[in-house]
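Next come the chains, spelled out residue by residue.
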Amino acid sequence: MGSTHAARRCAYDGAVNLASFHAVDLAELSAESRTLVEVRGADARRFLQGMLSADMEGIGADEARPAALLTVKGKLLCDAVVMRVDGDGMGLLLPSTQADRVLAELDRHIIMDDVQLELGTHRSFAVLWGGGDARPAADGVRIYDARHPAPRWIACGPSAAVRGLVDRCAVADAETWTSHRIDTASPAWGYEMTADRFPTEIGLVHAISYDKGCYRGQEPLARIHARGQVNRVLVKLSASGRPDDGLPLPLHAEGRENAGSWTSVTGASAKTRGLAVVHRSVAIPGTVLRCGDVSIRVASGPLGDDPGLAKKTKSNTVPLGRR
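Residues numbered from 1 in each chain as written. Predicted model: local features only at pLDDT ≥ 70, side-chain atom pairs only at ≥ 80, totals over all residues. Heavy atoms only, no water.

Colleague: Can you break down the environment of Asp244 residue by residue, with the values?
Modeller: The topology assignment puts Asp244 in the loop between β11 (232-239) and β12 (249-253). Residue classification places Asp244 among the exposed positions, given a relative accessible area of 81%. (Helix = DSSP H or I, 4+ residues; strand = E, 2+ residues; numbered from the N terminus. Buried < 20%, exposed > 50% of the residue type's maximum accessible area, 1.4 Å probe, protein only.)

Next comes the structure, spelled out in structure tokens:
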């Protein structure tokens, strides 16, 4: 039985042209590397349901679901990618710089719960994209359908197996990865995502459930959802050149000196592109901004934004879901 399964996996692996995929080993992106926190025990799913912004029910075996750990005021403590690992176990793929902090925060809230937390240091991760409609495959590597930290696939497995998969793809450097993030409006921790932001300000509305029931930070997000009044939003930029200074950089507009922050950049000269978190009043395609001597235009409307129920209904309330 095992040999038959392995033979089928090898045949499938051979049918997929991995060279048509771009791939980046997250361990090699020092600023954007990821660490897995494993959450196990009889109460693991229920515990995470009350701690994270996304719905923990119905997560498929090969699905990577974006989520956020929030303060009671609804602002980010950290983003997370939730996935199933080893049967009923749950895994949180976190920015490596935040993993210890999140581990301590979760541990502090385990009171009478049957929940165990552990750093999954024996796994490595890569993000793959391209390849048309094909699903990548390789022996010893689990592939998750993903939207965050960028579309489209997350590869998980032992370091050697993940590295072997990446090496058979078109290996992406940091600039290519950033370009993919900008193309897909994918915010990154330490760039667009910082601890002072609401998820809806930085394109993470897909990481929020408005009807799953109570979780920490839900009420402020529910009020935002009802009114649609976040003042800062994520947009794409096009620019005449690349700034010399490191990001983030302040952006200015006519009539609004503090127009926002330029957070990610790729390209050079007239082909420079980027992401920025800007005031909603300037989040209009064609709006001219400035950053020092660099001329900038807003290239999109708000991305990953929550317009709120106020745009769709006269009601000023939002259902808070099951109790």
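Next comes the rest of the account.
Colleague: Outline helix α2 (residues 44-51), listing residues and values.
Modeller: Residues of α2 that are buried: Ala44, Phe47, Leu48, Gln49 and Met51. On the buried face of α2, the contacting elements are β2 (34-40), β3 (63-70), β5 (89-95) and α3 (99-108). (Contact = heavy atoms within 4.5 Å.)

Colleague: Report on the pairing of strand β14 (residues 272-279), specifying residues and quantitative values.
Modeller: The buried fraction of β14 is high, at 7 of 8 residues. As defined by bridge partners, β11 adjoins β14 across 8 bridges and the pair is classed as antiparallel. The residue bridging Leu234 from the neighbouring strand is Val277, located in β14. In this antiparallel pair of consecutive strands, strand β13 (residues 256-266) and β14, the connection spans 5 residues, and Gly267 shows a positive phi of 85°. (Pairing = 2+ DSSP bridges.)

Colleague: Now, about the pattern of salt bridges: what can you tell me, with residues and values included?
Modeller: With the rule as written, the count across this model stands at 21 salt bridges. A salt bridge links Arg152 to Asp145; its shortest N-O distance comes to 3.8 Å. Three or more residues are tied together by salt bridges with common partners; here these are Asp25, Glu28, Arg163 and Asp167. (Salt bridge = Lys/Arg side-chain N within 4 Å of Asp/Glu carboxyl O.)

Colleague: Provide a residue-level description of helix α6 (residues 218-227), including the pertinent values.
Modeller: Taking burial as the measure, the 10 residues of α6 include 7 buried ones, the bulk of the element. On the buried face of α6, the contacting elements are β3. Phi turns positive one or two residues past the end of α6, at Gly228, with a value near 65°.

Colleague: Give me the packing of aromatic side chains: which residues, what numbers.
Modeller: The description of two aromatic rings rests on the distance between their centres and on the angle between their planes. The tally for this structure, following the rule as stated, stands at 1 aromatic pair. Between Trp129 and Trp177 the ring centres are 5.9 Å apart and the planes differ by 50°, which places this aromatic pair in the tilted class. Residue Trp129 is found in strand β7 (residues 124-130), and its partner Trp177 is found in helix α5 (residues 174-183); the two are separated by 48 residues along the sequence. Both residues of the pair, Trp129 and Trp177, belong to the buried class. One cation-aromatic arrangement involves Lys75 over Phe198; the distance from NZ or CZ to the ring centre is 5.3 Å. The side chain of Arg181 reaches across the aromatic face of Tyr191, ending 5.4 Å from its centre. (Phe/Tyr/Trp six-rings, centres within 6.5 Å; stacked < 30°, edge-to-face > 60°. Lys NZ or Arg CZ within 6 Å of the ring centre and 35° of its normal.)

Colleague: Can you break down the side chain of Glu201 residue by residue, with the values?
Modeller: Take Glu201: it is sitting in the loop between α5 and α6. Although Glu201 lies buried, it forms no salt bridge, and the closest oppositely charged side chain, Arg197, sits 4.3 Å away as judged by the N-O distance. Here the side chain of Glu201 touches Phe198 through a polar contact of 2.9 Å, landing on its backbone nitrogen. Apart from the residues within four sequence positions on either side, Glu201 is in contact with Asp196, Val230, Arg232, Val233, Leu234 and Val277. (Lys, Arg positive; Asp, Glu negative; His and termini not counted. Polar contact = N/O pair within 3.5 Å; in protein donor to acceptor, adjacent residues only side chain to side chain.)

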